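The primary structure of each chain is shown beneath.
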Amino acid sequence: SECVSGCVCPEGLFDDGKGGCVEEKDCPCIHNNQWYSPGQKITVDCNTCTCQKRVWNCTEDVCYGTCMIYGSGHYVTFDGKFYDFDGSCEYVATQDFCGDKNSSGSFSIITENVPCGTTGVTCSKAIKIFLGKTELKLENKDYKEIQRDIGDDVHYWNRTVGLYLVIEASNGVMLIWDKKTTVFIKLTPDYKGKVCGLCGNFDDKSNNDFTTRSGLQETNALKFGNSWKQSPMCPDVTQEIKPCDVKPHRKSWAEKECSIIRSDVFKICHSKVDPIPFFEACVHDACSCDSGGDCECFCSAVAAYAQECTKAQACVFWRTPDICPIFCDYYN
């Protein structure tokens, strides 16, 4: 409508976002609200991206998929869908036996969920892994192997890495367990779109992750979760449990403790990984663990966010002698 005075770059030069003018070849790139100079590299998932003439040029390696189950019934699927499901039963976390009559699956991972606290929420107590004719049961900070009569031979290796027990199998399945309530399941890209269970179908689309055992698309997490129970004898989950409503006197303590996730401690991660669902999950867990596991539940919830931050290249040193300390000498 009218002229406004201001500064413009001379012809042939471009604004570099910092108040200067540069040639096109020197234009910066932007990622997560941060500026990067030409030639700078960043890592996104398992790929490396290089800034060239204000455009990111990325390698196109296909990456492992990761599903996370932690605390009292929190799930992040292979495709990144975050939801809660509190069922007390054994459930299929993921498997490649998915309805196609001709497909003979090579693995199945079952999570056994039990109540953790008096509010009715559940935590993963034990994990069963079926690899061909081998069954592994992870429970009470240890694992044992059971050999069955039928199935193929699938080789696997186990090792301890810091706090975690890692099981890696020759068929491209890896499981990382913190010997408490957190489990990471990693699959090679060969399984894209070929798995099913509470971890979703790993097809890079999160809107169809709620596919039930019978192949129907659900919008409700409870109906979806109930369809994956192993035993028809277990009761269905009919309502979402809100432990802070059941134990209101714990709510303010839970929010105070969990506020670390939204604080400046994790500031460099906030633009990379949304802290809100992790904060809400933390408050949920801190309210629900009222049978002596308060600190463990809180620490697992914050560690889950820290883990996602690390994956997004935002390393945060949040543990202190007062907050969830780890005795590194012992674990080293």
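Named according to an unreviewed UniProt entry, the protein chain is MUC2 protein originating from Ciconia maguari.

Thoughts on the overall build of the protein chain
Along the protein chain, the regular secondary structure elements total seven helices and 19 strands. Along the longest, intermediate and shortest principal axes, the C-alpha atoms of the protein chain span 75 × 55 × 50 Å. Within the protein chain, buried positions represent 45% of all 332 residues. Contacts in the protein chain between residues at least 24 apart in sequence constitute 47% of all its contacts with a sequence separation of at least 6. When the accessible area of the protein chain is evaluated, it comes to approximately 18,000 Å², of which 50% is carbon and sulfur surface.

Details of the sheet that holds strand β6 (residues 47-52)
On the basis of which strands lie adjacent, the open sheet formed by three strands has the order β5-β6-β7 and antiparallel pairing. The open sheet is flanked by β5 (41-44) and β7 (55-58), the only strands paired with a single partner. On average, each strand axis in the sheet is tilted by 35° relative to the strand beside it, whichever way the strands run. Note that β5 and β6 share four bridges and pair antiparallel. Of the residues in β6, the one forming a bridge with Val44 is Asn47.

Focus on the state of the cysteines
In this structure the tally under the stated criterion is 13 disulfides. Each sulfur in the disulfide pair Cys67 and Cys199 lies 2.0 Å from the other. On the S-S bond that ties Cys67 to Cys199, the torsion sits near -70°, and the link is left-handed. A residue pair is termed long-range when its members are at least 10 positions apart, and Cys67 in strand β8 (residues 65-70) and Cys199 in the loop between β19 (183-187) and α1 (221-227) qualify at 132 residues. Like Cys199, Cys67 is buried. Here Cys27 is not cross-linked by a disulfide; its sulfur's nearest cysteine counterpart is in Cys29, at 8.6 Å. You can call Cys27 buried: its relative accessible area is 3%. Not engaged in a disulfide, the cysteine Cys315 finds its nearest cysteine sulfur in Cys309; these two sulfurs lie 9.3 Å apart.

Topic: helix α5 (residues 275-288)
In this model, α5 (14 residues) spans 20 Å end to end at C-alpha, consistent with the 20 Å of a helix rising 1.5 Å per residue. Most of α5 is tucked away: eleven of the 14 residues are buried. When we look at burial in α5, the residues that qualify are Pro275, Phe278, Phe279, Ala281, Cys282, Val283, His284, Asp285, Ala286, Cys287 and Ser288. The distance from a side-chain oxygen at the start of α5 to the backbone nitrogen of Ile276 is 3.1 Å, and the residue carrying that oxygen is Asp274.

Criteria and thresholds
Residues numbered from 1 in each chain as written. Predicted model: local features only at pLDDT ≥ 70, side-chain atom pairs only at ≥ 80, totals over all residues. Heavy atoms only, no water. Helix = DSSP H or I, 4+ residues; strand = E, 2+ residues; numbered from the N terminus. Buried < 20%, exposed > 50% of the residue type's maximum accessible area, 1.4 Å probe, protein only. Contact = heavy atoms within 4.5 Å. Areas by Shrake-Rupley, 256 points an atom, 1.4 Å probe, with all protein chains shown as cover. Pairing = 2+ DSSP bridges. Axes fitted to C-alpha atoms, helices over the stretch in contact; angles between N-to-C directions. Disulfide = S-S within 2.5 Å. Expected span 1.5 Å × (residues − 1). Polar contact = N/O pair within 3.5 Å; in protein donor to acceptor, adjacent residues only side chain to side chain.

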